[in-house]
Amino acid sequence: MSVLSQIFGSGCSLEVQFDHEPQRKMAPLGRDRKGEKALIYSDGEDVSGSAMVSMKPGKKIDHQGVKIELIGQVDMLYDRSNSYDFFSITKDLEPPGTLVESKSYKWKFSSVDKQHETYYGINVRLRYLVRLTIVRNYASNILKEMDFVVQNLQPAPEINNSLKMEVGIEDCLHIEFEYDKTKYHLKDVVVGKVYFMLVRIKIKHMELDIIRKETTGSGNSGTSDSETISKFEIMDGAPVRSECIPVRLYLSGFDLTPTYRNVQNKFSVKYFLNLVLVDEEDRRYFKQQEIVLWRKKNRLTHCSAVTALPHRLSD
């Protein structure tokens, strides 16, 4: 509302547009801006476009300059006043003076360092934006912001070991689970198996969950929130000793991001595979294991719509 009141009371309106080739893709801006999409850029790419100041007939604006900024910003959503610009590049478009007619400007930021991906979480947001500002002395500045999305493609990790662990409850339950690797790209498939080495609990079913844990701040002021991204039942029925249950979980189609580690000392995002067993009294036994997610270039595949199916044990 404050921006609208500035525009209506200023005698002008502002517009920002990006230059982009037709094949450049777009991505949603986030959970708090449903339906909005923005252009995708990657680290090192130029960001350019045009800016327009449209004056209303008979109006003029005395100003201290017109500028365009490219900003990388971390916002704590529970405290909007706690906003942190981790980088800002400014270009002057117009020296101080008086605007009496509409004007358009071309702008370009070359080889921009964009090492962090855009992120919209529960308590934190990392965003990139271009801001057009008319600077005024005795009145509020007039501004217009346009977001863009940053997604960075990564090479496959050189080391990607498999994961094998044994867990259990003494004299009651002993299982061994194995995943084929610990680092997965966002369209990858988790392949593994679960061995039941000892079963003296009446297991009803088993599921594999993907959990995202978002941590903001540090020390006593830090907060952590976990959300379950997906749940897959991989076994229905009571297992027997020496039973081997295959695991095949497709990651495509879920709202996943790469792993973020201590971004600007403000937040981290980690992902976990959570193996859950539920007995006939609805008691839950679980074991979490962290995995690392990364983004690779999309390729067409015939398996994009396949989902994991539960393994049903015979009576």
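Everything that follows concerns the structure shown earlier in this document.
Calculation notes
- Residues numbered from 1 in each chain as written.
- Predicted model: local features only at pLDDT ≥ 70, side-chain atom pairs only at ≥ 80, totals over all residues.
- Heavy atoms only, no water.
- Helix = DSSP H or I, 4+ residues; strand = E, 2+ residues; numbered from the N terminus.
- Buried < 20%, exposed > 50% of the residue type's maximum accessible area, 1.4 Å probe, protein only.
- Polar contact = N/O pair within 3.5 Å; in protein donor to acceptor, adjacent residues only side chain to side chain.
- Contact = heavy atoms within 4.5 Å.
- Core = buried A, V, L, I, M, F, W, Y, C linked by side-chain atoms within 4.5 Å.
- Pairing = 2+ DSSP bridges.
- Axes fitted to C-alpha atoms, helices over the stretch in contact; angles between N-to-C directions.
- Salt bridge = Lys/Arg side-chain N within 4 Å of Asp/Glu carboxyl O.

A. Summary view of the side chain of glutamine 73. Structurally, the position occupied by glutamine 73 is in strand 6 (residues 66–76). For glutamine 73, a relative accessible area of 7% corresponds to the buried category. Here the side chain of glutamine 73 touches aspartate 85 through a polar contact of 3.0 Å, side chain to side chain. Those residues in contact with glutamine 73 that sit more than four places away from it in its chain are Ser83, Tyr84, Asp85, Phe86, Arg125, Leu126, Arg127, Leu129 and Arg131.

B. Broad picture of unusual backbone geometry. Phi is positive for serine 242, close to 75°, though the residue is something other than glycine. Mapped onto the secondary structure, serine 242 falls in the loop between strand 18 (223–236) and strand 19 (244–250). Judged by its relative accessible area of 62%, serine 242 is exposed. Residues other than glycine seldom take positive phi values, yet aspartate 282 does so here, at roughly 65°.

C. Just the nonpolar core, in detail. The biggest cluster of nonpolar side chains holds 69 residues, and the ones touching the most others in it are Trp107 and Leu275. Other than its neighbours up to four places away in sequence, tryptophan 107 contacts Val16, Gln17, Phe18, Val47, Ser48, Gly49, Ser50, Ala51, Ile68, Leu93 and Val130.

D. Looking closely at the sheet that holds strand 1 (residues 12–18). A sheet is described by the order of its strands in space; here three strands give the open sequence 1-4-9, paired in antiparallel fashion. For this open sheet the edge positions go to strand 1 and strand 9 (103–109), each flanked by a neighbour on one side alone. Neighbour to neighbour, the strand axes of the sheet diverge by 20° on average, direction disregarded. For strand 1 and strand 4 (residues 47–55), the ladder comprises seven bridges, and the chain directions are antiparallel. Looking at the pairing, glutamate 15 lines up with methionine 52 of strand 4.

E. Expanded view of the pattern of salt bridges. Tallied over the entire structure, the rule returns 20 salt bridges. Here aspartate 75 ties to arginine 125 by a salt bridge, and the two come within 2.7 Å at their closest N and O atoms. Here aspartate 75 is found in strand 6, whereas its partner arginine 125 is found in strand 11 (residues 124–134), with 50 residues between them in sequence. Across the pair, exposure class does not vary: aspartate 75 and arginine 125 are buried alike. Here lysine 164 and glutamate 176 are joined by a salt bridge, their closest N and O atoms 3.7 Å apart. Placement of lysine 164 in strand 13 (residues 163–169) and of glutamate 176 in strand 14 (residues 173–179) is noted, with a sequence separation of 12 residues between them.

F. Seen up close, the pairing of strand 20 (residues 260–263). Here strand 20 pairs with strand 21 (residues 267–279) via two bridges, running antiparallel. Residue pairing for strand 21: valine 263 is matched across the bridge by phenylalanine 267. Linking strand 20 to strand 21, which pair antiparallel, is a turn of three residues; within it glutamine 264 sits at a positive phi near 50°.

Read these as spatial facts, not as claims about activity.
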